[in-house]
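Okay, here's what each chain looks like letter by letter:
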Amino acid sequence: MINNRATQVALIAGLVSWGVLGCQHKAQHEDLPQGVIELDERDLAFEVGGQLVSISVKEGDRVQAGQSLAVLDTSLESAMQGARQREAEAAAAQVALVKAGSRPEEVRALRAENDAMKASEAQLERNLTREQALLAKAASTQSAVEEVQSRLDSARAQRRALEQRLRATELGARHEEINSVQAQAEAAQQAVAVEQTRIALHEIKAPISGTVLDVHAKSGEILGVGAPALTLADPKHPYADVFVPQADVGGIQVGQKTEVWVDAYPQPFAGAVENISRRTEFTPRYLFSARERPNLVVRVKVRIDDPDEKLFAGTPTFVRFVKGAP
């Protein structure tokens, strides 16, 4: 309890002076366009469904852009990615094999087989000549001659097929074959990329630096596609929708500097016009007096610089548009 009367008088005088100054401060700006401080809130959700493995932030935490905030279970997707990776490696190996062509050992083996087939064909030709001579002397039969002829025809066909194989082996794969295996390898690699993208969708990263306003889920919960996991906002750059009488909006332009006043601080905050609505509306009921509410106004969005995060959402504010300051 204060016993010193002089101290009591000084305290009462200070309170009266503060009240007068506060009223003067408020009265000084009450004719300016009025609005309410708001934050750009972002509800962050997964683009796929699944079980929430971890959420590494809580309400009120500051986060940096790109920081990992929440992760879904990826065990099934990781196994699928591993399988796709093996397929891509096999396809790449097939491309290398086709481009490398046949080994010298394969070519030599086919040449030797072809030489043996030629020798067999020559032997059959001699046998046919002998059988035909014997048939002319009635020492053989027509069926024996036809049998040797058939064997000779078969040997010739086999030799021609073998020569084609040898030629193809020596020339290597055709461009069409190479293009085909390359296309298969590229498709396999694309499948790997798809799985990697799918896995990336199981993690939420902060799109901006800001503050966590709310956390909507807990580890272990099953989340559906698009279900909000948390809400993020940037309190360093709030905004205010101020309502300017339509008769006064002509001198306002996007990018124009502003002074933003709130009752809690004697100095204004810097701001700039971010958007001017193309549609008029009546003054919202929660602003101005009953006499002003029926007036037509234009909504002007002002972005505010608040590096020290002094402002709070829902705070009434008054805005002065600085003339001649783009």
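All figures in this text were calculated on a predicted structure; none of them were measured in a lab.

This brings us to the overall build of the chain. Tallying secondary structure elements over the chain gives five helices and 14 strands in all. Scored against the burial criterion, the 326 residues of the chain give a buried share of 31%. Counting only contacts in the chain whose residues sit at least 6 apart along the sequence, the fraction spanning at least 24 positions is 77%. When the accessible area of the chain is evaluated, it comes to approximately 20,200 Å², of which 53% is carbon and sulfur surface.

The final tally for this structure, using the stated rule, is one aromatic pair. The aromatic ring of Tyr239 is capped on one face by Lys301, whose charged end is 4.5 Å from the ring centroid.

Sheet architecture is open: four strands sit in the order β2-β9-β7-β4, paired in antiparallel fashion. Across the chains shown, the open sheet's two edge strands, defined by having one partner strand only, are β2 (41-45) and β4 (62-63). Bridge count for β2 against strand β9 (residues 228-233) is five bridges, and the pairing is antiparallel. Its bridge partner being in β9, Arg42 is matched across the sheet by Leu232.

Here the focus is the side chain of Asp234. Note on placement: Asp234 falls in the loop between β9 and β10 (239-245). Of the buried charged residues, Asp234 lacks a salt bridge, with Arg62 as the closest side chain of opposite charge at 4.9 Å. In this structure the side chain of Asp234 is engaged in a polar contact, spanning 3.2 Å, whose partner is the backbone nitrogen of Lys236. Reaching out from Asp234, the side chain makes a polar contact with the side chain of His237 at a distance of 2.7 Å. The residues touching Asp234, leaving out its near neighbours within four places in the chain, are Leu39, Asp40, Ile208, Ser209 and Gly210.

Here the focus is a negative patch on the surface. On the surface, Glu38, Glu41, Asp43, Glu59 and Asp214 cluster together into a patch of negative charge. Along the chain, Glu41 turns up in strand β2.

Residues with a pLDDT of 70 or more make up 84% of the chain, whose mean pLDDT is 82. Within the chain, the element-level pLDDT minimum falls on helix α1 (residues 5-29), averaging 41, and the maximum on strand β5 (residues 68-72), averaging 96. Below pLDDT 50 for its whole length, residues 1-25 participates in eight contacts with residues either more than four positions away or in separate chains.

Let's shift gears to the packing of helix α2 (residues 75-100) against helix α5 (residues 175-200). A packed helix pair is summarised by two numbers, namely the angle formed by the two axes and the spacing between the axes. Orientation of α2 relative to α5, taken along the N-to-C sense of each, is 160 degrees, at an axis distance of 8 Å. For the element pair α2 / α5, the angle class is roughly antiparallel. Of the two possible hands of crossing, α2 and α5 adopt the one that is left-handed.

Moving on, we get to the sheet that holds strand β12 (residues 269-282). The six strands lie next to each other as β1-β10-β13-β12-β11-β14, forming a closed barrel whose pairing is antiparallel. If you compare each strand with its neighbour and ignore which way they point, the axes differ by 40 degrees on average. Pairing of strand β11 (residues 257-261) with β12, which is carried by four bridges, proceeds in the antiparallel orientation. Looking at β12, one finds that Lys257 is bridged to Ala272.

Okay, unusual backbone geometry next. In this model, Ala138 sits at a positive phi of 65 degrees, which is unusual for a non-glycine residue. The residue Ala138 is located in the loop between α3 (104-136) and α4 (142-171) in this model. The exposed category is assigned to Ala138, whose relative accessible area is 68%.

Among the nonpolar cores identified, the biggest contains 19 residues, and Phe46, Leu52, Val63, Leu69, Ile204 and Leu232 are the most heavily contacted of them. Sorting the residues of this core by element identifies β3 (50-55), β5 and β9 as the ones contributing at least two each. Setting aside its immediate chain neighbours within four residues, Leu52 contacts Phe46, Ala70, Val71, Leu72, Ala217, Lys218, Ser219, Gly220, Glu221 and Leu223. Formed by 18 residues, the second largest nonpolar core is a distinct cluster that contains Ala240, Val249, Val302 and Leu311.

Relative to strand β13 (residues 296-304), β12 runs antiparallel, the two being bridged by eight bridges. Across the sheet, residue Val273 finds its bridge partner in β13, namely Val302.

Another aspect to go through is α5. Here α5 spans 37 Å end to end across 26 residues, near enough to the 38 Å set by a 1.5 Å rise per residue. Along α5, the residues that are buried comprise Ile178, Val181, Ala185, Ala188, Val192, Glu195 and Ile199.

The next thing to look at is the pairing of strand β14 (residues 316-321). Relative to β14, strand β1 (residues 34-38) runs antiparallel, the two sharing three bridges. Counted as the bridge partner of Gly35 is Thr317 from β14. In this structure, β11 lies alongside β14, joined through four bridges in antiparallel fashion. For Val260, the partnering residue across the bridge sits in β14 and is Val319.

Parameters at a glance
- Residues numbered from 1 in each chain as written.
- Predicted model: local features only at pLDDT ≥ 70, side-chain atom pairs only at ≥ 80, totals over all residues.
- Heavy atoms only, no water.
- Helix = DSSP H or I, 4+ residues; strand = E, 2+ residues; numbered from the N terminus.
- Buried < 20%, exposed > 50% of the residue type's maximum accessible area, 1.4 Å probe, protein only.
- Contact = heavy atoms within 4.5 Å.
- Areas by Shrake-Rupley, 256 points an atom, 1.4 Å probe, with all protein chains shown as cover.
- Phe/Tyr/Trp six-rings, centres within 6.5 Å; stacked < 30°, edge-to-face > 60°.
- Lys NZ or Arg CZ within 6 Å of the ring centre and 35° of its normal.
- Pairing = 2+ DSSP bridges.
- Lys, Arg positive; Asp, Glu negative; His and termini not counted.
- Salt bridge = Lys/Arg side-chain N within 4 Å of Asp/Glu carboxyl O.
- Polar contact = N/O pair within 3.5 Å; in protein donor to acceptor, adjacent residues only side chain to side chain.
- Patch = residues over 30% accessible without salt bridge, like charges linked within 9 Å, V, L, I, M, F, W, Y side chains within 5 Å.
- Charge placed at Lys NZ, Arg CZ, Asp CG, Glu CD.
- pLDDT = per-residue confidence, 0-100.
- Axes fitted to C-alpha atoms, helices over the stretch in contact; angles between N-to-C directions.
- Parallel < 35°, antiparallel > 145°, perpendicular 65-115°, else oblique.
- Left-handed = near helix turned anticlockwise from the far one by under 90°.
- Core = buried A, V, L, I, M, F, W, Y, C linked by side-chain atoms within 4.5 Å.
- Expected span 1.5 Å × (residues − 1).

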